[in-house]
Amino acid sequence: MSNQTKIAFIGLGNMGAPMALNLLKAGYSLTVFDLSPVSLKTLADAGALAASNARQAIEGADVVISMLPASRHVESLYLGKDNVEQGILPYIAEGALIIDCSTIAAQAAQKVAQAASARGLAMIDAPVSGGTAGAAAATLTFIVGGDATSLERARPVLSAMGKNIFHAGDNGAGQVAKICNNMLLGILMAGTAEALALGVANGLDPKTLSDIMSKSSGRNWALELYNPYPGVMDNVPASRGYTGGFGVDLMLKDLGLATEAALATGSATPLGELVRNLYGMHSQNGAGAKDFSSILELLHAKEK
Ligand code: NAD
């Protein structure tokens, strides 16, 4: 795909905005849309064309990318809602490729891909891992579900936003791999927060304890790259009041997707269920919009 490729990007939140900025940096012609005027302005200031609705954004686009919160947003964007709002699928140009990077249910990804296919359009699910720092640095991991030909068509565009591209299987398989990863991430984050809270309550300095565990058998991504204890690391949500990262309610959504997948297959996910309940309690306490590393506040009395 050349840089003459016209890309429409819909959903410019914590992840979508930096991903779209990287497409601009790579020289793509970019039209963007988000319900939030603030996000739209950020991209317009950087050189993207700001559309006033999703249908306008996709006009003449060769590639349509979406980065929305959950299944319902993706389904209503493409397929419409309750026969009231119309989806954009009928208006996407012939031969265009659709890439949905949101984390949603595998069944929702398959449903939209089937509807796209019925219109003769190729679609892949390409959820990402790597957080907002990975989005900004264009080092995301893309976990793709869909056919290999569509993945090859998407590869140059994905490469402008990420470093690793995996083909998990057919449509929906990217989402299954992603929710397995995020269930593990939720478990690791809660476990890391619990260990740090225990150490601090027993007189340890959180930075010293983090340094020790990072070189010991408890080392993991949450501890080393996304430390949940305020002040231990620069440039992570914990050190800016748990803002600007991966929301508690988005983690709760992903843990719910893992539960649904477990129920559908009779799988045992006891730790995933425990952590889903912890995140549910944390959200009910009013922390839904905070970064997910704020689970430390639920586990650490002194931080409340
Ligand atoms: P976010 O809440 O920051 O952003 C979502 C954006 O979508 C918002 O700007 C919102 O205004 C916009 N939006 C919602 N409905 C829309 C619509 N109909 N039309 C246009 N715009 C619409 O979420 P995020 O953190 O950017 O996450 C997006 C997706 O990526 C989620 O599925 C999340 O689970 C996944 N994800 C997030 C992270 C992370 O670290 N934040 C990491 C990996 C994956």
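Residues numbered from 1 in each chain as written. Predicted model: local features only at pLDDT ≥ 70, side-chain atom pairs only at ≥ 80, totals over all residues. Heavy atoms only, no water.

1. Points about the domain arrangement of the protein
The domain boundaries assigned to the protein delineate domain 1 (6-170) and domain 2 (176-299). Its C-alpha centre places domain 1 at a distance of 27 Å from the equivalent point of domain 2. Across the boundary between the two partners, domain 1 contributes 14 residues, which contact 13 residues of domain 2. Summed over both partners, the interface of domain 1 with domain 2 buries about 960 Å², with 65% contributed by carbon and sulfur atoms. Of all residues in domain 1, the largest losses of buried area upon contact with domain 2 belong to Thr103, Thr132 and Ile143, amounting jointly to 38% of the total for that side. Where domain 1 meets domain 2, there are zero salt bridges. For the pair domain 1 and domain 2, the interface holds five residue pairs in polar contact (both at pLDDT 80 or more). Split into classes, the residues belonging to the side of domain 1 that touches domain 2 amount to nine nonpolar, five polar and no charged. (Domains from an automatic or database assignment. Contact = heavy atoms within 4.5 Å. Buried area = accessible area lost by both parts, 1.4 Å probe. Salt bridge = Lys/Arg side-chain N within 4 Å of Asp/Glu carboxyl O. Polar contact = N/O pair within 3.5 Å; in protein donor to acceptor, adjacent residues only side chain to side chain. Nonpolar A, V, L, I, M, F, W, Y, C, P; charged D, E, K, R; others polar.)

2. Notes on the pairing of strand E10 (residues 140-145)
Taking burial as the measure, the six residues of E10 include six buried ones, the bulk of the element. Here E10 shows a buried face lined by Leu140, Phe142 and Val144 and a second buried face lined by Thr141, Ile143 and Gly145. Of the strand pairs in this sheet, strand E9 (residues 128-129) and E10 are connected by two bridges, and their pairing is antiparallel. Pairing of serine 129 across the sheet is with threonine 141, part of E10. Inspection of the sheet shows E10 paired to strand E11 (residues 162-169) by six bridges, in the parallel sense. What sits directly across from leucine 140, in E11, is glycine 162. Regarding the hand of the β-α-β motif, the stretch spanning E10, helix H7 (residues 148-159) and E11 is right-handed. (Buried < 20%, exposed > 50% of the residue type's maximum accessible area, 1.4 Å probe, protein only. Helix = DSSP H or I, 4+ residues; strand = E, 2+ residues; numbered from the N terminus. Pairing = 2+ DSSP bridges. Right-handed = clockwise from strand over helix to strand, strands pointing away.)

3. Observations regarding the nonpolar core
One finds Phe9, Met19, Tyr78 and Phe142 to be the most contacted residues of the largest nonpolar core, which totals 94 residues. The element contributing the most residues to this core is helix H8 (residues 173-201), with eight residues. Taken domain by domain, the makeup of this core includes at least three residues from each of domain 1 (6-170) and domain 2 (176-299). Those residues within four positions of phenylalanine 142 in sequence are excluded, and the remaining contacts are Met19, Cys101, Ala126, Pro127, Val128, Leu158, Met161, Gly162, Asn164, Ile165 and Phe166. (Core = buried A, V, L, I, M, F, W, Y, C linked by side-chain atoms within 4.5 Å.)

4. A few points about the site of the ligand
Taken together, 24 residues are adjacent to the ligand, and Asn14, Met15, Asp34, Pro69 and Lys253 come closest. In the environment of the ligand, an oxygen atom lies 3.0 Å from a nitrogen or oxygen atom belonging to the backbone of leucine 68. At 2.8 Å from an oxygen atom of the ligand is found a side-chain nitrogen or oxygen belonging to lysine 253. For the ligand, whose unbound accessible area comes to 840 Å², protein coverage reaches 86%. Listing elements by their share of the shell around the ligand, those giving two or more residues are helix H6 (131-137) and helix H11 (248-265). Among the residues forming the shell around the ligand, the class breakdown is 11 nonpolar, 10 polar and three charged. (Near = heavy atom within 4 Å. Areas by Shrake-Rupley, 256 points an atom, 1.4 Å probe, with all protein chains shown as cover.)

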